[in-house]
Amino acid sequence: MSIQNIQNQPVGTPERVKPQEHVQSQERVQSPESVQSPLSPASLPESTPAPRYDEYVPEEKTERQSIGLYRIEPDEDGSPRAVFDALEDEPKTERCTADTGRVDREIEMLREERKRLEQQLRAANDSDPQKAAELQQKLAALESELAQKDNDAYRRQHTVFS
């Protein structure tokens, strides 16, 4: 449209569409039934290849390797058993031994001393009452020391580690 035609047209009237343009616009609009999705194979021309998708391709099957801690081996009977594999990267640990021998010997000596005092007390009861009272005091002190030392807590406290 030229500028003159626009100026001569009354305000508010729409511009006329040429009949040829009207036909072209109708060709572009299609009914919803005939519209296909752009990714469907039917909507693609024959020259266009089908879309490619990722495909899982499994690797060659190999024997499963252990992670280095355990492995399965047959035992003498042929049945499977788990065998521990030490990692070679690990630092070697030192062995630590706990010795309660000294405490056990000390407790054993106290028990022998108690038996000896009991024998002396039986012999002294008949002959010397003053000596029997003295032996009873020693026996009572020995019993309390034995009760204090003859338990797990004392053994743990006095264990020698090497």
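Every value quoted in this text rests on a predicted model; they were computed, and no experiment measured them.

Thresholds, definitions, all that
- Residues numbered from 1 in each chain as written.
- Predicted model: local features only at pLDDT ≥ 70, side-chain atom pairs only at ≥ 80, totals over all residues.
- Heavy atoms only, no water.
- Salt bridge = Lys/Arg side-chain N within 4 Å of Asp/Glu carboxyl O.
- Helix = DSSP H or I, 4+ residues; strand = E, 2+ residues; numbered from the N terminus.
- Buried < 20%, exposed > 50% of the residue type's maximum accessible area, 1.4 Å probe, protein only.
- Expected span 1.5 Å × (residues − 1).
- Arc of directions from axis to C-beta.
- Contact = heavy atoms within 4.5 Å.
- Polar contact = N/O pair within 3.5 Å; in protein donor to acceptor, adjacent residues only side chain to side chain.
- Pairing = 2+ DSSP bridges.
- pLDDT = per-residue confidence, 0-100.
- Core = buried A, V, L, I, M, F, W, Y, C linked by side-chain atoms within 4.5 Å.

**Observations concerning the pattern of salt bridges**
One pass over the structure, following the stated rule, counts eight salt bridges. When the shortest N-O distance is used, the salt bridge between Asp104 and Arg155 registers 3.0 Å. Pair noted here: Asp104 is in helix H3 (residues 101–127) and Arg155 is in helix H5 (residues 152–157), with a separation of 51 residues, a long-range link. A relative accessible area of 22% places Arg155 in the partly exposed class. Note that Glu113 and Arg116 form a salt bridge whose closest N and O atoms lie 2.2 Å from each other. Placement of both Glu113 and Arg116 in helix H3 is noted, with a separation of three residues, approximately one turn of the helix.

**Quick notes on helix H4 (residues 129–149)**
An ideal rise of 1.5 Å per residue puts 30 Å on 21 residues; H4 measures up with 30 Å between its terminal C-alpha atoms. Of all the positions in H4, only Ala132, Leu135, Leu139, Leu142, Leu146 and Lys149 are classed as buried. Buried residues in H4, looked at end-on, bunch into an arc of 105°, giving them a common side. In H4, the exposed residues that point more than 90 degrees away from the buried face are Pro129, Gln130, Gln137, Ala147 and Gln148. Tucked inside the fold, the buried residues of H4 contact H3 and H5.

**Looking at the environment of Asp85**
One can find Asp85 in the loop between strand S2 (80–84) and strand S3 (98–99). Overall, Asp85 belongs to the buried group, its relative accessible area being 19%. The spatial distance from the C-alpha of Asp85 to the C-alpha of Arg71 is 7.2 Å, given a sequence separation of 14 residues.

**Quick word on H3**
Along its 27 residues, H3 runs 39 Å from first to last C-alpha, staying within 8% of the 39 Å computed at 1.5 Å per residue. Inspection of H3 places Gly101, Val103, Ile107, Leu110, Leu117, Leu121 and Ala124 among the buried residues, and these make up the whole buried set. Check the buried side of H3 and you find it contacts S3, H4 and H5.

**Quick look at the side chain of Thr159**
Relative to the assigned elements, Thr159 resides in the loop between H5 and strand S4 (160–161). By relative accessible area, Thr159 is classed as buried at 16%. There is a polar contact of 3.5 Å between the side chain of Thr159 and the backbone oxygen of Arg156. If we ignore the near neighbours within four places in the chain, the residues touching Thr159 are Ala98, Asp99 and Thr100.

**Observations regarding the pairing of S2**
Pairing between strand S1 (residues 70–74) and S2: five bridges, direction antiparallel. Note that in S2 the partner of Ile72 across the bridge is Ala82. Hairpin remark: S1 followed by S2, antiparallel, with five residues in the connecting loop; positive phi at Gly78, about 95°.

**Details of the confidence of the model for the chain**
In the predicted model, the chain carries a mean pLDDT of 76, and 64% of its residues have values of at least 70. Note that residues 22–26 has pLDDT below 50 and, in this model, one contact with residues that lie over four places away or in other chains.

**Thoughts on the nonpolar core**
Of all hydrophobic cores here, the largest spans 12 residues; its members are Val103, Ile107, Leu110, Leu117, Leu121, Ala124, Ala132, Leu135, Leu139, Leu142, Leu146 and Tyr154. The set of elements that each furnish at least two residues to this core consists of H3 and H4. It is H3 that provides the largest number of residues to this core, a total of six residues.

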